[in-house]
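The lines below spell out each chain.
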Amino acid sequence: MMSYVCFGAQDVDVSGNWQGEIQTLGAKSLQKPVALLLEQTADGKVKGYAFYDADSCIFTVEGQVSAPGRNAPSRADLLEKSALTGALDGCQHQRVAYALGLSLAGDKLKVEGNHLGQMINAEKSLLTRQGDFSDRSELVARLVEKEKRAPKQLQVVLNTSVVRFLFPAGYASPQHFYVLADQIGPRGVGECTNSLYYQDGVGNNISYLSENPQCDILPAGHFDISAEGNLKITWQPQGANASARVLLDQDVSQMHHKPLTGFMWQLQDVYNRYRDSHTLAQIASTFLDLRQSALAQVDEVVAKELAVSQYSPTFMGAWQGYIRFSQRNRPEQQLEQAALALWLSGSDERSEILGYLTLSERCFFTIRLKNNNGAAVLSNRNERLQNICNKDQVNFVFPRSFFVSMNAGHNLLKLDSGTQNRRVKPSHGVFQRKKPTPYLMSLLESEQGQRFALPNETMKTLMIAEQVPDDTLEKQHDQKMQDSAELLAQKAEQIRIQEAEAKQREWARLKKEREYRAAARQAKLGRTADSREVGDDQLPEVTGPFDGLPGAAFLNAVYQGDRTLVQRINRAYTNKQAAGLKTFFGSYANKMTDATADMYKLVRIEDSVAAKYLFEYEKRYGRCLSESPATFYVTGYQPDMVVTNLLGVEIARHYGGVTQTKYQVNPEFTGVFQKVGKMQPQGVAASITGLLASQGGEDLRKLSLNGVAQIFSQFSCDSPEIRTFERNLIALF
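All values reported here derive from a predicted model rather than from experimental measurement.

(A) Quick peek at the overall build of the protein. Looking only at helices and strands, one finds 15 helices and 30 strands in the protein. Taking contacts inside the protein between residues at least 6 apart in sequence as the whole, the part at least 24 apart equals 57%.

What follows is the structure in structure tokens.
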């Protein structure tokens, strides 16, 4: 969400170096340093860099200082455009602020917006102008050059093929690149995929490298590529009369480049190893040989039955290898380079073997190794963390589970998903015990927000040394599992004791409730005996848990669940109120006023009590609200109002409108809310009518509403008294 921040009426210049601290609002307030390196042009455009040192993140930012209007002074907004740092640099965020608003506060710069999803407290987030930023400027220059030389991939369409470019040296060398072509068929991707070409130099035709001559699907010609400001790709087909076609012409700074994964990442990995000694063609040939060897290795291991398939601590450690999987819309199986780390985590009473599975040094899954009736089974923990693998990063979808096995030497690992979907072939993984990759090591040494403990130094040393866990770690594993079982047994015993105590409290509550009911029956017998002496206009006295509250007689009657008693109180109340209205009309009374007064006899106090209770339930008793509450929207209408003077001339007009209020109640109250949800138990009309009817005396309905307000503050929402009150209130409807 963009934040618009007003400046003063003066001209604004945010150019220069700024540094200070930002602080966020809320209970979990953040307080972090921030620095800005900004340049502002004459037309008010702002470009520069934002440094978040605590998060190891640097972002490019762009913005605009707007011209002041009659009622709108100048303002400036900065948007984060792209990150110059990544996970390997320690920055785990794709966005930190997204939008920042800057305003002048004397000689300081006030910052508004948000930081990692929390609103910034502008009054405490101030930056001061700094002199020398040479260290930061040099760092930015290195990162910009690094970004320019970083590998890039993009995709266009040429004739009946999807063409994917890989610039292994980035846009710094745009005339040296690889091309992967996928044939477009009637049902998506055709038979030929990942047809590999390369072009080395300006004007040189593309050359086909893949083995299958039937999949040379691109026509003869070359690509003209310019990467100065705009990235422009033009296809130049071979032939004197052939016409060129512009396939792409876009501002480089506005382009979104997907991360390298799968085929592209593996090709780039080989390029990085051999770029100083091999040509593009030689590198591609080496890559194809290595890929074919990897596929053959995976096929060979998958076909074997490995010796160790029982759950064991010896699976712990670091592994490197490949994941092979299928996609529904592609004919061939995909291959992703992967790394795996498993360790014993005991951050809570459930000690387990947990870990990370990374793909293409780009993203990761959090995983768990389980003991499934003796078999070792790997599953996904589905944690919601930064850089967790998703469909925008990789095509691989984690299956429900992998069966895990290992050779007798404990240095070869196999994953097998089995047939879990008839339309998709099984997925497999083949790994060798090796030290953690750089990306995997960065995950093991920094908190990602996961809900489990990372490996200790002993375990990391074992991973780096490529060693199999020895008896010491196995004993530690067994001890933690035993401790975990004992802790779970203790927790089970605590739950049993708590349940027993809860049953005792429930018996005490039921005993008290029986005493109240017996007292109510005795009072009812007494009322029956005295019915000739006591008329319907006299309110009975009813005792119960709400004694001392306003309207206690009615609230206790509801609590006792005595419908006859509630009806008697209603009759006594409405008869008294109707008589009060007739007294108010006095000598002006007629048939119409008498009918109006008699309509008061239709009032039921429980309707107002239920409305008051449900309208305020979410606010006062929110912790007892169900996980799946019933939601209602109550619409109110406010009419227009015209004010005139004594001559009838309009002097003011107030326009009304429609309001909509959202209420949430527990599902058992659904029927009650549907009946009373449109009431205004404390509205102006109800208050005035009640005042006239009561003739200045006490109004039991109003007292009961005040009593409900005090119930909220004096009784817990899960107390036995409230549960009984709610159950019997529902029964009245």
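Text resumes after the structure shown.
(B) Up close: helix α2 (residues 262–274). With 13 residues, α2 should cover 18 Å at 1.5 Å per step; its first-to-last C-alpha distance of 19 Å lies within 8% of that length. When you tally the buried positions in α2, you get 10 out of 13 residues, the bulk of the element. For α2, the complete set of buried residues consists of Gly262, Phe263, Met264, Trp265, Gln266, Leu267, Gln268, Asp269, Val270 and Tyr271. Those residues of α2 that are buried are in contact with β10 (152–158), β11 (161–167), β12 (176–185), β14 (195–200), α3 (280–302) and β20 (334–345).

(C) Spotlight on the sheet that holds strand β16 (residues 221–226). Spatially, β16-β17-β18 is the arrangement adopted by the 3 strands of the open sheet, whose pairing is antiparallel. With partners counted over all chains shown, the strands left at the sheet margins are β16 and β18 (245–251), one partner each. The average undirected angle you get between the axes of adjacent strands in this sheet is 10°. Strand direction decides the pairing type here: strand β17 (residues 230–237) and β18, joined by 6 bridges, are antiparallel. Directly across from asparagine 230, in β18, lies its bridge partner aspartate 251.

(D) Molecular detail of the state of the cysteines. Applying the stated criterion across every chain yields a total of 4 disulfides. A sulfur-sulfur separation of 2.1 Å characterises the disulfide bridge that pairs cysteine 363 with cysteine 389. Taking the torsion about the S-S bond as the criterion, the cysteine 363 to cysteine 389 disulfide, at about 95°, is right-handed. One end of the pair, cysteine 363, is in strand β22 (residues 363–372); the other, cysteine 389, is in the loop between β23 (375–380) and β24 (402–406), with 26 residues separating them in the sequence. Paired through a disulfide, cysteine 624 and cysteine 717 show a sulfur-sulfur distance of 1.9 Å. With the S-S dihedral at roughly 60°, the linkage between cysteine 624 and cysteine 717 falls on the right-handed side. Taken together, the residues span a long stretch of sequence, with cysteine 624 in the loop between α11 (617–620) and β27 (630–638) and cysteine 717 in the loop between α14 (700–714) and α15 (720–731) at a distance of 93 residues. Overall, the relative accessible area of 5% leaves cysteine 717 in the buried class. Looking at the protein, its bonded cysteines, counted consecutively from the start of the sequence, adopt the pairing 1-2, 3-4, 5-6, 7-8.

(E) Highlighting the pairing of strand β4 (residues 57–66). The element β4 is largely enclosed, with a buried count of 7 among its 10 residues. In this sheet, β4 lies alongside strand β3 (residues 45–52) in antiparallel orientation, the contact comprising 8 bridges. For phenylalanine 51, the partnering residue across the bridge sits in β4 and is isoleucine 58. Taking the residues that link successive antiparallel strands as the turn, the β3-β4 hairpin has 4 residues, and the phi of serine 56 there is positive, at about 60°.

(F) Inspection of helix α5 (residues 457–464) at higher detail. Along α5, the residues that are buried comprise Met459, Lys460, Leu462 and Met463. For α5, the arc enclosing every buried residue in end-on projection is 160°, short of the 170-degree limit, so these residues lie on one face. For α5, the exposed residues lying more than 90 degrees away from the buried face are Glu457, Thr458 and Thr461. The backbone nitrogen of threonine 458 has a side-chain oxygen 3.3 Å away, supplied by the residue at the start of α5, namely asparagine 456.

(G) Molecular detail of the pattern of salt bridges. Counting across every chain of the model gives 19 salt bridges. The partner of arginine 324 in a salt bridge is aspartate 299, with the nearest N and O atoms 2.1 Å apart. Taken together, the residues arginine 324 in strand β19 (residues 317–325) and aspartate 299 in helix α3 connect sequence positions 25 residues apart. Accessibility expressed as a relative area gives 9% for arginine 324, which makes it buried. A relative accessible area of 41% places aspartate 299 in the partly exposed class. Measuring nitrogen to oxygen at the nearest pair gives 2.8 Å for the salt bridge that ties arginine 381 to glutamate 383. For the pair arginine 381 and glutamate 383, a shared accessibility class is recorded, and that class is buried. A single network of salt bridges, built from pairs that share partners, joins Glu352, Arg368, Arg381 and Glu383.

(H) Unusual backbone geometry, seen in detail. In this structure, serine 56 takes a positive phi of about 60° despite not being glycine. Mapped onto the fold, serine 56 is located in the loop between β3 and β4. Classification of serine 56 as partly exposed rests on a relative accessible area of 35%.

(I) Focus on the sheet that holds β22. Sheet architecture is closed into a barrel: 8 strands sit in the order β19-β20-β21-β22-β23-β24-β25-β26, paired in antiparallel fashion. Between one strand axis and the next, the sheet turns through 30° on average, direction left out of account. When strand β25 (residues 412–416) meets strand β26 (residues 428–433), the two strands line up antiparallel, connected through 5 bridges. Paired with leucine 413 across the strands is phenylalanine 431, a residue of β26.

(J) Representation of the environment of glutamine 40 within the structure. On the secondary structure map, glutamine 40 appears in strand β2 (residues 31–40). Taking C-alpha positions, glutamine 40 is 8.7 Å from valine 65, a pair spaced 25 residues apart along the chain. Excluding anything up to four places from it in sequence, glutamine 40 contacts Val12, Asp13, Val14, Ser15, Lys45, Val46 and Val65. A distance of 2.9 Å separates a polar atom in the side chain of glutamine 40 from the backbone nitrogen of valine 14.

(K) Inspection of the nonpolar core at higher detail. Counting residues in each nonpolar core, the largest one holds 50 residues, and the members touching the most others are Phe315, Trp343, Tyr356, Leu369 and Phe431. Per-element tally for this core: the top contributor is β20, with 7 residues. Ignoring any residue separated from it by four or fewer positions in sequence, one finds leucine 369 in contact with Tyr311, Phe315, Leu342, Ile353, Ala376, Val377, Leu378 and Val404. Counting residues in each nonpolar core, the second largest holds 43 residues, with Phe546, Leu565, Leu625 and Tyr663 among its members.

Conventions used here
- Residues numbered from 1 in each chain as written.
- Predicted model: local features only at pLDDT ≥ 70, side-chain atom pairs only at ≥ 80, totals over all residues.
- Heavy atoms only, no water.
- Helix = DSSP H or I, 4+ residues; strand = E, 2+ residues; numbered from the N terminus.
- Contact = heavy atoms within 4.5 Å.
- Expected span 1.5 Å × (residues − 1).
- Buried < 20%, exposed > 50% of the residue type's maximum accessible area, 1.4 Å probe, protein only.
- Pairing = 2+ DSSP bridges.
- Axes fitted to C-alpha atoms, helices over the stretch in contact; angles between N-to-C directions.
- Disulfide = S-S within 2.5 Å.
- Arc of directions from axis to C-beta.
- Polar contact = N/O pair within 3.5 Å; in protein donor to acceptor, adjacent residues only side chain to side chain.
- Salt bridge = Lys/Arg side-chain N within 4 Å of Asp/Glu carboxyl O.
- Core = buried A, V, L, I, M, F, W, Y, C linked by side-chain atoms within 4.5 Å.

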